[in-house]
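Breakdown of the fold
As a plain string of letters, each chain reads:
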Amino acid sequence: MDEQLANLSEDEYYSEEEKKDKVDKVVVLPVPEEEPAPESENDDPTVGLEGAAFQSRLPPDKMTSQEAAAFPDIVQAPPQSQKMFLYVRNRLLQLWLENPKQQLIFENALPQIEAPYNSDGPLVMRVHAYLERTGLINFGVYKRLRPLPVKKRGKVLIVGAGISGLAAARQLQSFGMEVVILEARDRVGGRVATFRKGNYVADLGAMVVTGLGGNPVTVLSKQIAMELHKIKQKCPLYESSGNTADKCKIVAKDKDEMVEREFNRLLEATSYMSHQMDFNFVNGKPVTLGQALEYVIKLQEKHVKEKQCEHQRNILELQEKLKKNQNQMISLKDKVQDLHKQYKDASEVKQPRDITAEFLVKSKLRDLNSACKEYDQLVVQQKEIEEKLLELETSPPSDVYLSSRDRQILDWHFANLEFANATPLANLSLKHWDQDDDFEFSGSHLTVRNGYSCVPVALSEGLDIKLNTAVKQVRYGPTGVEMNTTHARNSANPVVIYKADAALITLPLGVMKESLRGTGPNAVQFIPLLPEWKTSAVGRMGFGNLNKVVLCFDRIFWDPNANLFGHVGSTTASRGELFLFWNLYKAPVLLALVAGEAAAIMENVSDDVIVGRCIAVLKGIFGNSVVQQPKETVVTRWRADPWSRGSYSYVAAGSSGNDYDLMAAPVSTNPTVPGQAPQPSNLPRLFFAGEHTIRNYPATVHGAMLSGLREAGRIADQFLGPQTTEPQQ
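Residues numbered from 1 in each chain as written. Predicted model: local features only at pLDDT ≥ 70, side-chain atom pairs only at ≥ 80, totals over all residues. Heavy atoms only, no water.

**Remarks on the overall build of the protein**
Selection criterion: In this text, helices come from DSSP runs of H or I with a minimum length of four residues, and strands from runs of E with a minimum of two, each type numbered from the N-terminal end. As defined in this context, the radius of gyration uses C-alpha atoms, and a globule is described by 2.2 Å times the residue total to the power 0.38. Residue exposure (1.4 Å probe, protein chains only): buried if accessible area is under 20% of the type maximum, exposed if over 50%, otherwise partly exposed. Residue contacts are defined here by distance: any two heavy atoms, one from each residue, within 4.5 Å place the two residues in contact. The Shrake-Rupley method, run with a 1.4 Å probe, gives the accessible areas here. Residue values count only the displayed protein chains as cover. The charged-residue count follows a simple rule in which Lys and Arg add positive charge and Asp and Glu add negative charge, with His and chain termini not counted at all. A charge is said to be at NZ when it belongs to Lys, at CZ for Arg, at CG for Asp and at CD for Glu.
When helices and strands are tallied, the protein shows 20 helices and 25 strands. Since a compact globule built from 729 residues should have a radius of gyration of about 27 Å, the 35 Å found for the protein marks it as more spread out than a globular shape. For the protein, the C-alpha atoms occupy an extent of roughly 140 × 70 × 50 Å along the three principal directions. Burial status across the protein gives 55% buried among its 729 residues. Look at the contacts in the protein between residues 6 or more apart in sequence, and 77% of them connect residues 24 or more apart. With an accessible surface of roughly 33400 Å², the protein has 52% of that area assigned to carbon and sulfur atoms. Mean positive and mean negative side-chain charge positions of the protein (83 and 90 charges, respectively) differ by 3 Å.

**Observations regarding the sheet that holds strand β8 (residues 249-250)**
Put simply, the test is: Pairing between two strands requires that DSSP report at least two bridges joining them. Orientation is described by lines fitted to C-alpha atoms, with helices fitted over the stretch in contact, and by angles between N-to-C directions that extend from 0 to 180 degrees.
Strands sit in the order β8-β7-β20-β21-β22-β19-β23 across an open sheet of seven strands; the sheet is mixed. Each edge of the open sheet carries a strand with a single partner, namely β8 and β23 (632-635). Sheet topology note: the strand β21 (residues 577-582)/strand β22 (residues 589-594) ladder contains four bridges and is antiparallel. The residue of β22 that forms the bridge with W582 is L591. Sheet strands touched by helix α13 (residues 404-421): β7 (237-239), β20 (564-567), β21 and β22. Its angle to β21, the strand with the most contacts, is close to 70°.

**Comments concerning the pairing of strand β4 (residues 200-203)**
In β4, alternate side chains face the same way, and those of Y200 and A202 on one face and V201 and D203 on the other are all buried. Sheet topology note: the strand β3 (residues 194-197)/β4 ladder contains four bridges and is antiparallel. Among the inter-strand pairings, R196 is bridged to a residue of β4, identified as V201. Count of turn residues in the β3/β4 antiparallel hairpin: two residues, of which G198 carries a positive phi of about 60°.

**Focus on the sheet that holds strand β11 (residues 445-448)**
Spatially, three strands are ordered β5-β11-β6 in an open sheet, and the strand pairing comes out antiparallel. Edge strands, defined here as strands with exactly one partner in the open sheet, are β5 (208-210) and β6 (228-230). On average, each strand axis in the sheet is tilted by 35° relative to the strand beside it, whichever way the strands run. Judged from the three bridges that link them, β6 and β11 form a sheet pairing that is antiparallel. The partner of H229 across the bridge, within β11, is T447.

**Structural notes on the packing of helix α11 (residues 289-347) against α13**
Selection criterion: For classification purposes, an angle smaller than 35 degrees is called roughly parallel, one larger than 145 roughly antiparallel, one from 65 to 115 roughly perpendicular, and anything else oblique. For any pair of crossing helices, the crossing counts as left-handed if the nearer helix is rotated counterclockwise from the farther one by less than a right angle, and right-handed if it is rotated clockwise. The nonpolar class holds Ala, Val, Leu, Ile, Met, Phe, Trp, Tyr, Cys and Pro. Asp, Glu, Lys and Arg form the charged class, and all remaining residues, Gly among them, are polar.
Closest axis-to-axis distance for the α11/α13 pair is 13 Å, and the angle between their directions is 160°. Here α13 runs roughly antiparallel to α11, going by the angle between their axes. For the element pair α11 and α13, the recorded crossing hand is right-handed. Within the contact between the two elements, α11 uses L289, L293, E294 and I297 and α13 uses R407, L410, F414 and L417. Across the contact of α11 with α13, the residue classes tally to six nonpolar, no polar and two charged.

**Considerations on unusual backbone geometry**
Cis geometry marks the peptide bond from A115 to P116, where omega comes out at 0°. Tracing the sequence through the fold places P116 in the loop between α6 (106-109) and α7 (121-133). Residues I527 and P528 are joined by a peptide bond in cis, for which omega reads -5°. Inspection of the secondary structure assignment puts P528 in the loop between β17 (525-527) and α16 (532-540). In this model, N283 sits at a positive phi of 55°, which is unusual for a non-glycine residue.

**Some points on the environment of G480**
Structurally, G480 is set in strand β14 (residues 480-487). When residues no more than four places from it in sequence are discounted, the contact partners of G480 are R475, A500, D501 and R685.

**Some points on the confidence of the model for the protein**
Regions with low pLDDT carry predicted coordinates that are not meant to be interpreted in detail. Quick reminder of the rule: Scored from 0 to 100, pLDDT records how confident the predictor is in each individual residue.
For the protein, per-residue confidence averages 91 on the pLDDT scale, and residues scoring 70 or more make up 92% of the total. For residues 1-40, every residue scores under 50 in pLDDT, and the model assigns this stretch 111 contacts once sequence neighbours within four places are set aside.

**Description of the nonpolar core**
Definition in use: Note on terminology: a nonpolar core comprises buried Ala, Val, Leu, Ile, Met, Phe, Trp, Tyr and Cys residues joined through side-chain atoms within 4.5 Å.
Of all hydrophobic cores here, the largest spans 80 residues; its most connected members are I158, L172, M226, Y452 and V455. When residues of this core are assigned to their parent elements, the largest contribution, 10 residues, is made by helix α5 (residues 79-98). Beyond its immediate stretch of four places on either side in the chain, L172 contacts V156, I158, M177, V179, A712, I715 and A716. Within the second largest apolar cluster, 57 residues are counted, among which are L267, L402, F419 and W638.

**Observations concerning helix α10 (residues 253-275)**
Applied cut-off: One fewer than the residue count of a helix, multiplied by 1.5 Å, yields its expected span.
An ideal rise of 1.5 Å per residue puts 33 Å on 23 residues; α10 measures up with 33 Å between its terminal C-alpha atoms. Within α10, burial applies to K255, D256, V259, E262, F263, L266, L267, T270, M273 and S274. Structurally, α10 contributes buried residues whose contacts are with β7, α11 and α13.

**A word on the packing of α16 against helix α19 (residues 657-664)**
A pair of packed helices is captured by two measures, namely the crossing angle of their axes and the spacing between those axes. Put simply, α16 and α19 touch, their axes get as near as 9 Å, and they point 135° apart. If you check the angle between α16 and α19, you find them oblique. α19 is crossed by α16, and the crossing has left-handed handedness. Every residue of α19 that contacts α16 at W533, K534, A537, V538 and R540 is listed here: D659, L662, M663 and A664.

Given below as structure tokens:
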């Protein structure tokens, strides 16, 4: 990872030392390894004080750099003071995580802190205030024991009622600030959207909770009625038999495992090329993951040809040995015959033979025996050479690195990787595409059976949200911000102006890109223009696309015990088209995924054609007589959606994790270097949140949420003052 910028995303929960301490991980695929467990379980990874720190993404036994900046007196004090701080911090986290349905107030927490750690009441109060301000306790949906402050101090406009905007709004409201959310859609949630009709439920956007260990969504799941169910990771693959009249056949387990091993070896090879060989640029251009994978595949194919050449050389070498051996045998055979004649002639001399004649007989017998022994050795050698030749000729090396069938299965795994990154592999940075892998959460992946939209709906309770309100212009200056808005579906309506002290921009990266290009009717104009360091980061970063097809049936005709099954495409170009089907809900609903190049292509295809292709694939797998026409269908087109312009961010070639930090950095009227301490006369007025602004947890719901909590703390610190001021001596 590139070096971080001051106290932004990278520095939020881990110091440099902590990051160095983290164990390097192997490549993590979108589908984790299977863990035997009950079908439905809301695992609670919190155990004791260390568990509370782990669940809060903090090291249990040392202060983070953000904590050190907030508590300089503790850092400079004797080690015993740091030990006191860590115990109080971990205990407060534990108390919150044990009952996140109720506000944890200082007065209730202090009596539950054991002696002697409760002896310093002011320190406990400061730590409590710090944890609250940074969104580590008292976040989400909980019962307040203290009413919201009546007198509001400062006003914030939040653009977007997605997870990051809602999380930030709840925090800022609880801190005593006035908050108004401007949302262009007619609903909250942004890219968290659930289709509901009758008994049918299906998530059109965010769908999976990627482990509970360390995940703030774990807290939400205790506060909100989320039906979390573990996803069974077994995923049978079906491939076409080549005859359209025949059903697809399931890929044999050993074949699937062999190709998956090769897939992982290829990824490991590209990682080695990047990080050990520094193969990251070709002709001055950054290398993509897709390019590197194809390079490695070509090297493997070259290796196969070299193996074939070596095989032929070995055969020729053995044939030469055999020829030489046979010539020696012919020559030796003549010699044996000659020696045998000489021996016979010498033996025919009648007794008594003189000593010279006797010596001659014995000499010829010795020579004859030696020649016969040498001949026998040549016979053995011939047999060995012939056996080696036969072995080489009957077991030639593969004439291809991957058969066409193997390549199709490998392409399925590539499509799965393109699904995880929401973009073709040809767009991903070779060096940085997996820069957030060290921050994966532990535990099984889960789905929200009652639909993920239950989360934003619950978070929106009690907030001032203006739906159908499209922001057209954002003006920011030394004293505040002003926004021009129109009705999202009727721009003829009069312009409504909103004013505030600051604004939190949670527009998706796709909309930010469109706004900077100045294209599209929904582009947002920033006055003055955003600084070059911000716009350059927007340009470098990637914003991907992933689409789903929801198929609602009368009855289940697939294996109800399998959550996943895959369909192997026939070509590399179409590998992401309907490559994976999900069975997650109680009702008979299948979700088909469209990833990679196919995600963009199929946005221009009609619903009827796409659904028809789905049914054709399903009939190929389960048979014509079993598969019925769906009762309800939904086809997503996230790239065409004017309020998202895609699905989620990825690290594009030429970008890095550093750009996430730049996206997170606030903007002042007079441009400053990101990370510099703001001047009182030039305070930031624009703040930024969303999954594309958090380096360690991008492209996720929990990342969006954490970015909202981060910015709420940053805004409150600026306008309300920090909560951890060192006590006066």
